[in-house]
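Residue strings, one per chain:
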Amino acid sequence: MNARPDPAAMRDLAVDLGIRAGRLIREGRTEGIRDVQTKTSDVDVVTAMDKACESFLIAELQAARPGDGVYGEEHGERSSETGVRWIVDPIDGTVNYLYGIPDYAVSIACEIDGVVVAGAVVRPESDEVYHAYVGGGAFRDDVALHGSTPQSVALSLVATGFGYVATRRRQQGALLAKVLGSVRDIRRIGSAALDICYAAEGRIDAYYEWGLHAWDFAAATLIAAEAGLTVRSPVHEDGLLVVGAPAVADDLAQLLRTHIDPAWGVPD
Ligand code: LIP
């Protein structure tokens, strides 16, 4: 029976691979965006670099941790023989990457027996590395993160995002319309992983999104929790992810839940 991996060592591996993957996608962008395909709609794009970067991460993880599982946005699930599963988004913020907007990230989370214990989110355009392991605190590079202290939802700067299917975007737009008059302002940065890390360091007060996938948020929500933020996971609930300062996260979640129409269903 293999010994249970050390979360700090898993964080170190995630950071190392995130930095190397970040360099790969930043330096390879010109060639990496020549071939662009679509997935769930004409605006849900996947570049050749999304696929190449995930292949790189899978190969490196298999070399470093034989038998671990990998769950990635582009290649799907590879089963685990060790109880360890890596949840990866090779480029979170793909549309930003395609358009040359610098807010995109590599997200790598390590899950042991179904619980995320370590993670890294790397912003290649600034070489900023957000990282955490369970019980070890949250950091941007070597700076400890503690979030913000907003007085209320009404005074909170809130980030959100939208999906790629028109029906879902209209529903998300209707939800935003209900919230916009109840917060300081909204930011739509285009990368869930960075949105959540920005909340962890207090650049925004809270983030929500209705209909995200685990690869978007697995690493960043651990970083936010280790920074002391409240995290309301979308798993097994109504698909609503809320991350924010403890003073406002629950009130924001309650405000949002009252305006999610049950007829919209639960995002897949
Ligand atoms: C994106 C998320 C973003 C969300 C987009 C998309 P991708 O991930 O980071 O927050 O609003 O719809 O899911 O597709 O760039 O990996």
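Residues numbered from 1 in each chain as written. Predicted model: local features only at pLDDT ≥ 70, side-chain atom pairs only at ≥ 80, totals over all residues. Heavy atoms only, no water.

## Let's talk about the nonpolar core
Okay, step 1: Core analysis: the largest hydrophobic core is formed by 34 residues, its most contacted members being Val 121, Tyr 130, Ile 196, Tyr 207 and Ile 223.
Okay, step 2: Contributions of two or more residues to this core are made by β6 (105–112), β8 (128–133), β11 (157–159), α6 (192–200), α7 (214–226) and β15 (240–244).
Okay, step 3: The residues contacting Ile 196, other than those within four sequence positions of it, are Tyr 207, Phe 217, Ala 220, Thr 221, Ala 224, Leu 241 and Val 243.
Okay, step 4: Judged by nonpolar contacts, the second largest core, of 29 residues, contains Ala 14, Ala 21, Ile 58 and Ile 108. (Core = buried A, V, L, I, M, F, W, Y, C linked by side-chain atoms within 4.5 Å. Buried < 20%, exposed > 50% of the residue type's maximum accessible area, 1.4 Å probe, protein only. Helix = DSSP H or I, 4+ residues; strand = E, 2+ residues; numbered from the N terminus. Contact = heavy atoms within 4.5 Å.)

## Topic: the sheet that holds strand β9 (residues 138–140)
Okay, step 1: Ordered in space as β4-β3-β5-β6-β7-β8-β9-β10, the eight strands form an open sheet in which the pairing is mixed. If you trace the sheet from one side to the other, it starts and ends with β4 (76–78) and β10 (143–144), each paired once.
Okay, step 2: Relative to β9, β8 is paired through three bridges, and the arrangement is antiparallel. If you follow Ala 132 over to β9, its bridge partner there is Ala 138.
Okay, step 3: Docked against the sheet, helix α3 (residues 48–64) engages β3 (69–72), β4, β5 (84–92) and β6, running at close to 155° with respect to β5.
Okay, step 4: Against the sheet, α6 contacts β5, β6, β7 (115–123) and β8, and its axis sits at roughly 100° relative to β7. (Pairing = 2+ DSSP bridges. Axes fitted to C-alpha atoms, helices over the stretch in contact; angles between N-to-C directions.)

## Digging into the site of the ligand
Okay, step 1: Close contacts around the ligand come from 17 residues, with Asp 92, Gly 93, Phe 162, Tyr 164 and Ala 192 the closest.
Okay, step 2: Glu 209 places a side-chain nitrogen or oxygen 2.8 Å from an oxygen atom of the ligand.
Okay, step 3: Taken by itself the ligand offers 380 Å² of open surface, and the protein chains cover 95% of this.
Okay, step 4: If you map the ligand onto the pockets, it falls in the largest pocket.
Okay, step 5: When residues of the shell around the ligand are traced back to their parent elements, those giving at least two are β5 and β13 (206–210).
Okay, step 6: Counting residues per element, the shell around the ligand draws most heavily on β5, at three residues.
Okay, step 7: In the shell around the ligand, the residues fall into five nonpolar, six polar and six charged. (Near = heavy atom within 4 Å. Polar contact = N/O pair within 3.5 Å; in protein donor to acceptor, adjacent residues only side chain to side chain. Areas by Shrake-Rupley, 256 points an atom, 1.4 Å probe, with all protein chains shown as cover. 1 Å grid on protein atoms, 1.4 Å probe; cavity = no way out; pocket = protein on both sides within 12 Å on 5 of 7 lines; lining within 4 Å. Sits in = over half its atoms within 2 Å of the grid points. Nonpolar A, V, L, I, M, F, W, Y, C, P; charged D, E, K, R; others polar.)

## Remarks on the packing of aromatic side chains
Okay, step 1: Tallying each qualifying case throughout the model produces three aromatic pairs.
Okay, step 2: Both rings, one in Trp 210 and one in Trp 264, keep their centres 5.4 Å apart while their planes meet at 55°; by these two values the pair is tilted. Taken together, the positions of Trp 210 in strand β13 and Trp 264 in the segment after α8 (249–259) put the pair 54 residues apart, joining distant regions of the chain.
Okay, step 3: On the accessibility criterion, Trp 264 (18% relative accessible area) is buried.
Okay, step 4: Its guanidinium or amino end placed over the ring of Tyr 97, Arg 29 lies 5.9 Å from that ring's centre, counting from NZ or CZ.
Okay, step 5: Across from the ring centre of Tyr 198, 4.9 Å away, lies the NZ or CZ of Arg 203, which sits over that ring. (Phe/Tyr/Trp six-rings, centres within 6.5 Å; stacked < 30°, edge-to-face > 60°. Lys NZ or Arg CZ within 6 Å of the ring centre and 35° of its normal.)

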